[in-house]
Amino acid sequence: MGKSEVLKTFQEVIEGPRNVYLDEWVRAGGKVMGYYCSYIPEEIFTAAGFLPYRIRGAGSEDSSDGDAYMSARVCTFVRHTISLALRGEFDFLDGVVLLQNCDHIRRAGDLFVKKVKLPFYSMLSVPRAPKERLFDWYLSELKRLKAEIEAHFGLTITDQKLEEAITLHNATRERIQRLYEMRKKDAPPITGEEALTVTIAAHLMPRDQFNASMDNLLADLENARVGDSYRARVIIIGGELDNPEYIAGIEQQGALSVAEVVCFGQRSFGELIPSGADDPLERIARHKFFQVPCARMVECFDDQVSVLKTTVREFSADGIIFQRMKFCDPWAGDGHNLYWRMKEEGIPFLGLEREYLVPSSGQVKTRVQAFLEQMGK
Amino acid sequence: MSILGKERKEDWEVVYEGATGLIDLYKEDPESKGMNGIVRGFRLFMDGLFQAIDEGRPIVWHNCGCSPELIRGLEGVQTMPIELLTVLQDLVGEVDYTVALIDEAEAHGVAPEVCSIDKAAVGAVLKDLYPDPDCMLYHNTPCDSQIAAIKCLTALTNKPMLLMDVPYLSGDREVKYLAKQFREAIPFLEEHTGRKFSWERFREVCEESNRTAEYLRDWNELRRHKPCPQVSKLVALNTALLVAFSGDHEGTAIAKAFRDEAKERIERGESSVEGGELYRAVWYQDPLWWDLQFYDWMESELRLVIPMDLFGYYAPEALIDTSTPESMLEGLARKDLRVLPMSRQFKGPVDNFIDDYLRLCSDYQADFGIFAGHVACKHGLGGIGLFREASREAGIPLLYFEFDMFDPRVTPVESIQDDIAHFIEDVVRPRKEAA
Ligand code: SF4
Ligand code: SF4
């Protein structure tokens, strides 16, 4: 399979709540565990024999079911996902795991418990600062989750299974890293819209099948180039973004996205989890807890900035486009701080606000054009 | 105007003058012990803050999710809630000044959906109205908007900051987790203030905090009395008392004034409503702070009284056990997790939020509930569907509207008045008459 076939497959995977791989998995009697956030390690689910499935709102025509329970001041990502859940469109899930990553998701958790009522539910309490002094608590939360899954489903998640899960997920990380390496080229072989399609798909299908498709894709990308006709290279940052169409709107204006440091993008993968003789769960926990921090985390802004600066440099980006879901408070703090810090650093920065499932509006397009002009592109 | 012999910035002059004017007003009225107590407390807090600035004493900022006892364990350190100026401006000053701070923050790039009190705190820093902190001790509660503010303030001041991670639940495991962080915060506070933490002093602070708590618990009990003995607006002010004065003898004095006033008025058979109360409601989520006269209007025009609200409720959890350093840290952690209004209800599962409401409605014999949905409280607004269902099941009529508790521009007072008046007329009165 070449680039276009693989991308077509991934596009189908991300279209709605279900996809053929998932259906096949379920038909074969496989269990599926839903989850919301990058601070929840998929490796635990894989080690339990489940398919990890990251919850999105794709395929939601409207958020009316969610709107009946939540005010319009809750972000549309949450209202769409909860609408799907309330309509039973996540009924293939055997359970769901959340964390208190924001006030909106916390309330989604309440609706999962009281209205959606999947067979298994767990809410993790993840510390809001990625600091060594809080790491033990995070690890103990993962241990609690593991024990809850074991007790509920009557299974044992052995260290051996965790090691195998690390190997499988590392294989994905390694492939995503190769994909991102290629994007550093003068003429990257893939657009941001396509790359985000790839990274989203990884969250929704069995990893061995994803990895195999990636091998085909990577082989074909060796000689591809798409980046010639763009006026500028940008990195796209922020929180929730699982809508490649949104990036397409930006790219149509001439700003090629060369890296997406967003949930569902590069931030969900990171470096490989190291091998070693010590407890695999602890290695998984360290990897997740000390990943590139998201805006819900405090006491780490300089780390976030330093990652962004490195990314800008390594990917030869001309500027940063920051996107934030309307009503999202965690990213509101970062939006303010990043704007001023990037000004200080001399890195062109454009802040955009968006609604879930809405492609780039005319206003976004105009602002991107203005941004390109401002960068002299 | 000169405050403690010095000219201060205009915003501070306005609140200082406002507090002074209200003290004069209430002084004439022996029936207003509670209001007099808290307004006097506000002015004393400002005096203390200005004195600390003048003397060059260390100042530690904290947020409204943080009860300040631990910081008071350091001799001579002044605590300062980041919400201070907004609260004072809305309660005793002029709300236009708050509005200006909100606009300042938004103009600087803080998103409009961030809570107005948090935006105003950023505005106050941008306008250089706050004394520089030596360090900041924050709690990640009650909400995400506070996280946004904390991050902005840290970036703007570039001062050392430590976050106390308040977990999702509030059981014994969580108490120990938070207490351990408090222990770790002590060297941080010592290092940045240059002052020593004293366990003896901390014990005195915790004992003082307990005295305040006991008065507040008595006061909560007394307000159950029918008719409600005291004006509605007092309940809205209790959280300000706890955040600013916990562990300070002034806090105890205010709580005692609340309690004494309620007790004496019950003894004299007095009601807060002239002509007698007709309706009782639990006001939930956030009070209307930019117009306290609104509460007077409810009493005089509708004969409606608010015997209790979320900010006034002092949950009857254990007092701080002062027998050992560990028991004190755990006691304080328990207070932050399970007692402090907002932190108690707004974090964790929605049951924390709904169960307290239902309990208050029952304990205070409410005819109905008013869900005053402060637009920034997404945790509350995100739970509104479940909240409504629970109210329906309990048979308690619920009025819901959205407004901004610090910014009068979002929903005008007339609109809120109309909502309440119509709700009583259309729902509450017929129901009472039929009963
Ligand atoms: S976009 Fe923001 S508000 Fe929405 S779920 Fe994510 S962190 Fe929460
Ligand atoms: S009022 Fe609501 S949004 Fe504002 S700081 Fe408090 S909890 Fe947060």
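In case you missed it, the structure is sitting above this.
As the structure is a computational prediction, the values presented were derived from the model and not from experiment.

Engineer: Explanation requested: the sheet that holds strand β8 (residues 349–354) of chain A in the structure shown.
Structural biologist: Think of a sheet as strands paired side by side through backbone hydrogen bonds, with each pair either parallel or antiparallel. Residue and element names in this part refer to chain A. With parallel pairing, four strands are arranged side by side in an open sheet as β6-β5-β7-β8. In this open sheet, the two strands that pair with only one neighbour each are β6 (255–263) and β8. The average undirected angle you get between the axes of adjacent strands in this sheet is 25°. Sheet analysis places strand β7 (residues 319–325) next to β8, joined by six bridges and oriented parallel. Each residue of the ladder has a partner; that of I320, found in β8, is F349. The sheet contacts of helix α14 (residues 329–345) involve β5 (232–240), β7 and β8, and relative to β7 the element is tilted by about 165°.

Engineer: What's the story with the pairing of strand β9 (residues 368–374) of chain B in this structure? I'm lost.
Structural biologist: Along any regular strand, the residues point their side chains to alternate faces of the sheet. Residue and element names in this part refer to chain B. Counting buried positions over the seven residues of β9 gives seven, a clear majority of the element. Here β9 shows two buried faces, one formed by F368, I370, A372 and H374 and the other by G369, F371 and G373. With five bridges joining them, strand β7 (residues 279–285) and β9 adopt parallel strand pairing. By the bridge assignment, V282 is partnered in β9 with G369.

Engineer: Please explain the sheet that holds strand β5 (residues 135–139) of chain B as it appears in this structure.
Structural biologist: All names here are of chain B. A sheet is described by the order of its strands in space; here four strands give the open sequence β4-β3-β5-β6, paired in parallel fashion. Of all strands in the sheet, those with a lone pairing partner are β4 (78–81) and β6 (161–164), marking the two edges. Going from strand to strand, the sheet's axes swing by 25° on average, the running direction of each strand aside. Pairing geometry for strand β3 (residues 59–62) and β5, over three bridges, is parallel.

Engineer: How should the site of ligand 2 be read in this particular structure?
Structural biologist: Every residue close to ligand 2 is listed here: C115, D118, P142, C143, Q146, D286, M342, F346, H374, A376, C377 and H379 of chain B. Counted by class, the shell around ligand 2 contains seven nonpolar, three polar and two charged residues.

Engineer: Looking at this structure, I do not really get the nonpolar core. What am I missing?
Structural biologist: Buried together is how nonpolar side chains tend to be arranged in soluble globular proteins. Judged by nonpolar contacts, the single largest core of 263 residues is most densely connected at I149 of chain A together with W12, W283, W289 and I420 of chain B. Element by element, the count of residues in this core is highest for helix α10 (residues 233–245) of chain B, at ten residues. Formed jointly, this core draws a minimum of three residues from each of two domains, domain 1 (3–159) and domain 2 (160–374) of chain A. Not counting residues up to four positions away in its chain, the partners in contact with W289 of chain B are V87, D90, L91, A236, L237, A240, F311, M405 and F406 of chain B. Counting residues in each nonpolar core, the second largest holds 27 residues, with I71, M164, F182 and I320 of chain B among its members.

Rules and cut-offs
- Residues numbered from 1 in each chain as written.
- Chains lettered and ligands numbered in written order.
- Predicted model: local features only at pLDDT ≥ 70, side-chain atom pairs only at ≥ 80, totals over all residues.
- Heavy atoms only, no water.
- Pairing = 2+ DSSP bridges.
- Helix = DSSP H or I, 4+ residues; strand = E, 2+ residues; numbered from the N terminus.
- Axes fitted to C-alpha atoms, helices over the stretch in contact; angles between N-to-C directions.
- Contact = heavy atoms within 4.5 Å.
- Buried < 20%, exposed > 50% of the residue type's maximum accessible area, 1.4 Å probe, protein only.
- Near = heavy atom within 4 Å.
- Nonpolar A, V, L, I, M, F, W, Y, C, P; charged D, E, K, R; others polar.
- Core = buried A, V, L, I, M, F, W, Y, C linked by side-chain atoms within 4.5 Å.
- Domains from an automatic or database assignment.

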